[in-house]
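Here's the letter readout for the chains.
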Amino acid sequence: MKLDGPYDAKQVEDKIYKLWEDSGFFNPDKQAQTNADFTQTDADKKRNRGVSVSQRKVRVSPRQSFTIVMPPANANGNLHAGHALVMTLEDIMTRYKRMQGFKTLWLPGLDHAGFETQVVYEKKLEKEGRSRFNMQPQELYNEILEFTLENKKNIESQIKKMGASCDWSRLKFTLDNDIVKEVQRTFKKMYDDGLIYRGQRIVNWCSKHQTSLSDVETESKEKKDAFYYFKYGPFTIGTARPETKFGDKYVVMHPDDKRYANYKHGQTLPLEWINGPITATIIKDKAIDMEFGTGVMTITPWHSDVDFEIAERHQLDSQQIIDMRGKLLPIAGEFAGMKITEARPKIVEKLKAKGLLEKIDENYVHNVPVCYKCETAIEPQILPQWFVKMKDLAKKAADAVKAKKIIFIPDNYRKIFLYWMENSIDWNISRQIVWGIPIPAKICDTCNDGFPDLENTLTTCPKCQSTLRGDPDTFDTWFSSGQWPLVALGYPNSKDFKTFYPTTVMESGSDLIFKWIPRMVIFGLYLAKKVPFGTVYLHGLVNDAKGQKMSKSKGNVINPLNITEKYGTDALRIGLVMGNTPGQSLALDENKIKGHRNFANKIWNASRFVLTNLARIDADNYADLRGSKVVLSAHQKQHLKELKALVGEVTKLMDNYKFYIAGEKIYHYFWHTFCDKIIEEAKPLLADSKTRQATQYMLLEILSTSLKLLHPFMPFITEEIYQQLPLKDKKECLMVAKWPN
Ligand SMILES: [Zn+2]
Ligand SMILES: [Zn+2]
């Protein structure tokens, strides 16, 4: 027997993966040639019923496709536990649909992951005592490219290790030439359609990473700071940031605030301020909250979003106070060149000495936006950047979701999606980093404008004839990954695009509900006029055994590849899925995975028992077993009836994306019904020649059906056993065997 000893995943997994790859069945075009018997739909069968054999021209519908475009994995490190869950869930969906006869494509991809990768690489440089700021852009780019290509190979082999049945012949990388070209064409098209503009607007600036970031690349962090009240002429103003106040010369109040009814909009007042006398101008604006502080504030349009909006409305000037490295500019007088943290107490001291400090509230708790990578406080800055006009695009995306063109699993994410679409602001897509897709544009420093230039032919400004320079910036990585389902399939003209777009499911981490999912919907609707997927399945975080978020600093990171090495990939896969409801975070417990390795052994041993007892029959005899000679007892018939009911239940659960329950059902059935009851009952019956054959038939029927049901969850062990079953209608691989019905 080949099923000797306990199950040894190491002996099986690489061999089986090679078998699958060699079979070519990951590729939907190959499946089409072999699964012809699947192509009759129920409607076809109905039509064909009653047609006499001689007249029969069996009508067959083109096979329905099932497509998942893999969220491109960041090619900047190793496969982590979150990836392992992605690979498992998407592989379950793919294998299930493939067995059901769908023309199934799971398209694998890898992401250059712009800012993310550059941050990883900058850390590496730091460790080596180097800095990106001492390197030529091209030199840095080449180094990151080499690093990424190395990681890309690594992560591909790790995805294979997880058993992913994706079509490697269609592998895409977000820096593939055709993808880069298409993403750049989208930029030009959106500019021509008035959806992209170059604007001098306030953006989020990380002074450590020296780039602007979009709103979704910042995080809100609760901080306790001092809140200061200063005399500002006849008013009292409150601020947590005295260091920004050097240029404040507008004092703003609500037009309905009775306390300040005597002051008129536009009126000027001389007053004493940090570095001497200034003239302040009264501005009345409804954005002011009358309840907050004294209802009066001064504004710093260069360094605050709210203030920027007020200044835009009244066309007020704005002045930069803090430079791009977070130091005060000459406008700060004696404080120029100081870091904010150093300057703040000194500025307060000076205002106190001048008698302008009223009081300090030491316990002011507020949320401060920080860079999501380095937690440096974001310093808003006004910069010329490229922006996407979001309002109309977001409305179309929201409308499509409201019209149920996209279903969310779990359903509560629909609301979150709509919230983001209803509150989206113009999207800054310029990044001041080298690692990314270059923005194909030229910049005019005279009129601070920019012009798309795909062919690289523009040399003088169409507006003022000044000499243009190339835009050194790259696209926000979400600008390209937002187009992923389109460009990965070869939008707009490829056969694949026509066959597989819109895709069926987008499976992704729930944290991408505002970063990535909406952008894909927006680009899908804009470019292809169709939503990119019909279903969005969102999984939660994978935490450690205690339910705590994994982090390098806590030292609780679980490497999924160590787990597969110890317990086998199948054990990890079913452990990641069973009991894991979508959208909820899950605790990855090594003991649980160990338990699932025991389950793999249980499958192995039960299969060995069945196969040993079938030793005397070959595939042809098995066919006879299915014929009239087999007489099952009423009890055995009941077992097969129960099996059929299980198939029905599991199929329904799989169709409804309830893999976490489906996995559990099969697990319990196999262990507690098949192994504990049916096999035990069968032992004496196999010893009796009168009941042997029927019992053999029943056992083989239950085993082969169970292996099919288990295959999407535990593909390696089930395939290995299937290869040894004496079945007459056996397929080359269990992977393409027909799902039982
Ligand atoms: Zn940063
Ligand atoms: Zn110009």
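Sequence positions are assigned chain by chain, starting from 1 and proceeding in written order. Each chain takes a letter, starting from A, and each ligand takes a number, starting from 1, following the order in which they are written. Note on the predicted model: pLDDT of at least 70 is required for a residue's local features to be given, and 80 or more for side-chain atom pairs to be given and counted; whole-chain, interface and lining totals, by contrast, use all residues.

(A) Structural detail: the pairing of strand β11 (residues 268-273). When DSSP finds at least two bridges between two strands, those strands are taken to pair. Runs of E in the DSSP output that reach at least two residues are strands. Runs of H or I that reach at least four are helices, and both are numbered from the N terminus. Bridging between β11 and strand β12 (residues 276-284) involves 6 bridges; their strand directions are antiparallel. Residue pairing across strands places P270 opposite T279, the latter belonging to β12. Here β11 folds back onto β12 in antiparallel fashion, the turn holding 2 residues.

(B) Layout of the environment of Y657. Among the structural elements, Y657 can be located in the loop between α20 (634-655) and α21 (659-687). We classify Y657 as partly exposed; it has 19 C-beta atoms within 10 Å. With 156 residues separating them along the chain, Y657 and Y501 place their C-alpha atoms 21 Å apart. Once C-beta atoms have been placed from the backbone, residue pairs whose C-beta atoms lie within 7 Å are recorded as contacts. When near neighbours in sequence (up to four residues on either side) are disregarded, Y657 contacts I409 and Y537. Partly exposed residues are those falling between the two cut-offs: more than 12 but fewer than 20 other C-beta atoms within 10 Å of their own, whereas 20 or more means buried and 12 or fewer means exposed, with C-beta atoms placed from the backbone.

(C) Broad picture of unusual backbone geometry. Here the amide bond leading from Y491 into P492 is cis, since omega sits at 5°, within 30 degrees of zero. Note on placement: P492 falls in the loop between α13 (484-488) and α14 (495-500). In this structure, the amide linkage connecting Y501 to the following residue, P502, adopts the cis form with an omega of -5°. On the secondary structure map, P502 appears in the loop between α14 and β23 (503-509). The backbone of Q210 sits at a positive phi, close to 55°, despite the residue not being glycine. With respect to the helices and strands, the residue Q210 is situated in the loop between β6 (196-206) and β7 (211-213).

(D) Seen up close, the sheet that holds strand β21 (residues 469-470). What the 3 strands build is an open sheet, ordered β20-β19-β21; its pairing is antiparallel. The open sheet terminates on both sides in strands that have one partner only, identified here as β20 (449-452) and β21. Looking at chain direction, strand β19 (residues 441-444) and β20 are connected through 4 bridges and run antiparallel. The partner of C444 across the bridge, within β20, is D449.

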